[in-house]
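Structure assessment
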Amino acid sequence: MAKSNRGKGALQALAGLGAAALLAPASELRWARASQPLTDRWEHVPVEKRGATLLGISYRPRQVEALGLDARATLPVLLDHPFPLVRLGAYWDEIEPAPGMFCPAELDWQVEAAGRAGKQVIVCVGAVKTFGYPEFFVPAHHRRAPLPEGSLVGPDSHPALLAAATEHLTRLVERYRDRRAIIAWQVEHEAVDPLGMEHSWRLSERFVAREVEAVRAADPTRPIMMNGFLPTSLAVAAQQWWRTRDQGDSLAVATRHADVVGIDFYPRHALVGVGHRALYLDGSRRSWQQRRRQKLQATAARSGKRVMVAEGQAEPWEAVTTPPNPYRGAMYSCRPEQVIENFNQCLRWDPALWAYLFWGAEYWLLRQRGGDDRYVRAFDRVLAVSGDA
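Predicted, not measured: the structure shown is a model, and the values here were computed from it.

A short note on the overall build of the chain
Along the backbone of the chain there are 13 helices and 15 strands. Against the globule reference of 21 Å for 389 residues, the chain gives a C-alpha radius of gyration of 20 Å, in line with a compact fold. Taken over 389 residues, the chain has a buried fraction of 60%. Long-range contacts, defined here as pairs at least 24 residues apart, represent 83% of the contacts in the chain between residues at least 6 apart.

Structure follows, in structure tokens:
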């Protein structure tokens, strides 16, 4: 889900937020001061044992830029932490900035850095959508006109886009398939869901299936991961069902086409901010949400598919695109202790997860640069304590 309320769809976003607030049960709503006092509670929260679950992070170069960090310095610092798995993204508009150009140098560097650090790598090859705001990275020369709002983008309606996407995917996979560090390919990002409230067009399942076929043809040896947003509030669940009712949401499509189903898990996020306070949604521990997640895991298990948390919330999700960085405060949507608590909640799921990727590593370094190392130390504490016998 695109974690923003800005852009051309702002009015539509506000309408959607209002609807969500009206639909949400009072027990899922929190009206709170956005910036909370810092505490050392993260030092005392129990940590679940990870067992065989792989731990890691996602690396977002565009978020690094948005936070004012240095990309070449940030990734090595993150890779120095003792986790085994990192997810990298291939951004189509960066790799193909003009017709006939192929510029993978930045991704080359990231894959090589991860390999040198001894990490295993999942590469999100896109093509249309890749993780990290704005999540849509089709080069301008492949989109002469905006994708029609309210429509399904499919092989029949957009054959040229599909042809360009599959050609791009094939070229990427063929370039990196000999890299031993890479253990899986991710196709699209929240493949068939709309881009938050900012756009209402969606990729059709047939479009995505053709992309999956292209990746499998280029590399039959590695599994394919596909991810989707797991709603943690009744209001968002109802909205997501309504908007994807014709073909199912991205998690449903992942169970049909992927080898690994990735869950994007955000227990608490802001709907709207008013002054120093904000209205938040949080229903992650309600019984209906647990039943949906259990059903998803059971469906995946029956098909022999692995399940992972592709994005476990470990940074704030407020009512703005870039997470706020308050001096001597922590945002209510994700304080340092919640980095651990969100991890704990997912590690209690049955059956056990194949992997858990923390979302927000770049933000931790921003906080650390400003004198608050609680987020990164909470992460380090999980790595250290979760593996203790």
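Read on, since the account is not over.
Concerning the nonpolar core
Core analysis: the largest hydrophobic core is formed by 97 residues, its most contacted members being Ile57, Leu107, Met226, Tyr356, Phe358 and Trp364. Ranked by residues supplied to this core, first place goes to helix α6 (residues 159–176) with eight residues. In contact with isoleucine 57, not counting residues within four places along its chain, are Leu78, Phe83, Leu85, Val86, Arg87, Leu357, Phe358, Ala361, Trp364 and Phe379. One finds Ala24, Ala235, Tyr266 and Leu281 within the second-largest nonpolar core, a separate group that totals 14 residues.

Quick notes on the pairing of strand β3 (residues 54–58)
When you tally the buried positions in β3, you get five out of five residues, the bulk of the element. The alternating pattern of β3 places Leu54, Gly56 and Ser58 and Leu55 and Ile57 on opposite faces, both of which are buried. Both β3 and strand β15 (residues 355–359) contribute to a ladder of four bridges, which runs parallel. Looking across to β15, one finds that isoleucine 57 is bridged to phenylalanine 358.

So, the packing of helix α3 (residues 71–79) against helix α5 (residues 105–116)
One can describe the packing of α3 onto α5 by two numbers: an axis separation of 10 Å at closest approach and a directional angle of 25 degrees. Between α3 and α5, the interaxial angle falls into the category roughly parallel. The element α3 and its partner α5 pack so that their crossing is right-handed. The residues of α5 that touch α3, namely those facing Ala71, Arg72, Leu75, Pro76 and Leu79, are Glu106, Trp109, Gln110, Ala113 and Ala114.

Some remarks on the sheet that holds strand β10 (residues 260–265)
The sheet built from eight strands closes into a barrel, its strands ordered β3-β4-β5-β7-β9-β10-β13-β15 with parallel pairing. Averaged over all neighbouring strand pairs, the angle between strand axes comes to 30 degrees, with direction disregarded. In this sheet, strand β5 (residues 120–126) lies alongside strand β4 (residues 85–89) in parallel orientation, the contact comprising five bridges. Looking across to β5, one finds that leucine 88 is bridged to valine 123.

Here we look at the pattern of salt bridges
All chains considered together, the criterion is met by 23 salt bridges. Measuring nitrogen to oxygen at the nearest pair gives 3.2 Å for the salt bridge that ties arginine 87 to glutamate 311. Taken as a pair, arginine 87 in strand β4 and glutamate 311 in strand β13 (residues 306–313) lie far apart in primary sequence, 224 residues in all. Assigned by exposure class, arginine 87 and glutamate 311 land together as buried. Here aspartate 156 ties to arginine 206 by a salt bridge, and the two come within 3.2 Å at their closest N and O atoms. Here arginine 206 lies in helix α7 (residues 205–218) and aspartate 156 lies in the loop between β6 (152–153) and α6, a separation of 50 residues in the sequence. What emerges from the salt-bridge pattern is a single network uniting Asp40, Arg367, Asp372 and Arg374.

Rules and cut-offs
Along every chain, residues carry numbers that run from 1 in the direction the sequence is written. Local features in a predicted model are, by the rule used here, given only for residues with pLDDT of at least 70; side-chain atom pairs are given and counted only at 80 or more, and totals for whole chains, interfaces and linings are based on all residues. Working from all heavy atoms in the structure, the side-chain values ignore hydrogens and water. Only DSSP runs of H or I with at least four residues qualify as helices, and only runs of E with at least two residues qualify as strands; both kinds are numbered from the N terminus onward. The reference for a compact globule is 2.2 Å times residues^0.38; the radius of gyration itself is calculated from the C-alpha atoms. For every residue, the accessible area (1.4 Å probe, protein chains only) is compared with the maximum for its type, and the residue is labelled buried under 20%, exposed over 50%, or partly exposed between those bounds. Note on contacts: a residue pair is in contact if any heavy atoms of the two residues lie within 4.5 Å. Within this scheme, the nonpolar core is defined by two criteria: the residues are buried Ala, Val, Leu, Ile, Met, Phe, Trp, Tyr or Cys, and they are joined through side-chain atoms within 4.5 Å. Two strands qualify as a pair provided that DSSP identifies no fewer than 2 bridges between them. Axis definition: a line fit to C-alpha positions, over the contact stretch in the case of helices; interaxial angles, taken between N-to-C directions, run 0 to 180 degrees. By the definition adopted for this analysis, an angle is roughly parallel if under 35 degrees, roughly antiparallel if over 145, roughly perpendicular if from 65 to 115, and oblique otherwise. Crossing handedness: left-handed means the near helix sits turned counterclockwise from the far one by under a right angle, and right-handed means the same turn made clockwise. By convention in these notes, a salt bridge is any Lys or Arg side-chain nitrogen within 4 Å of a carboxyl oxygen on Asp or Glu.

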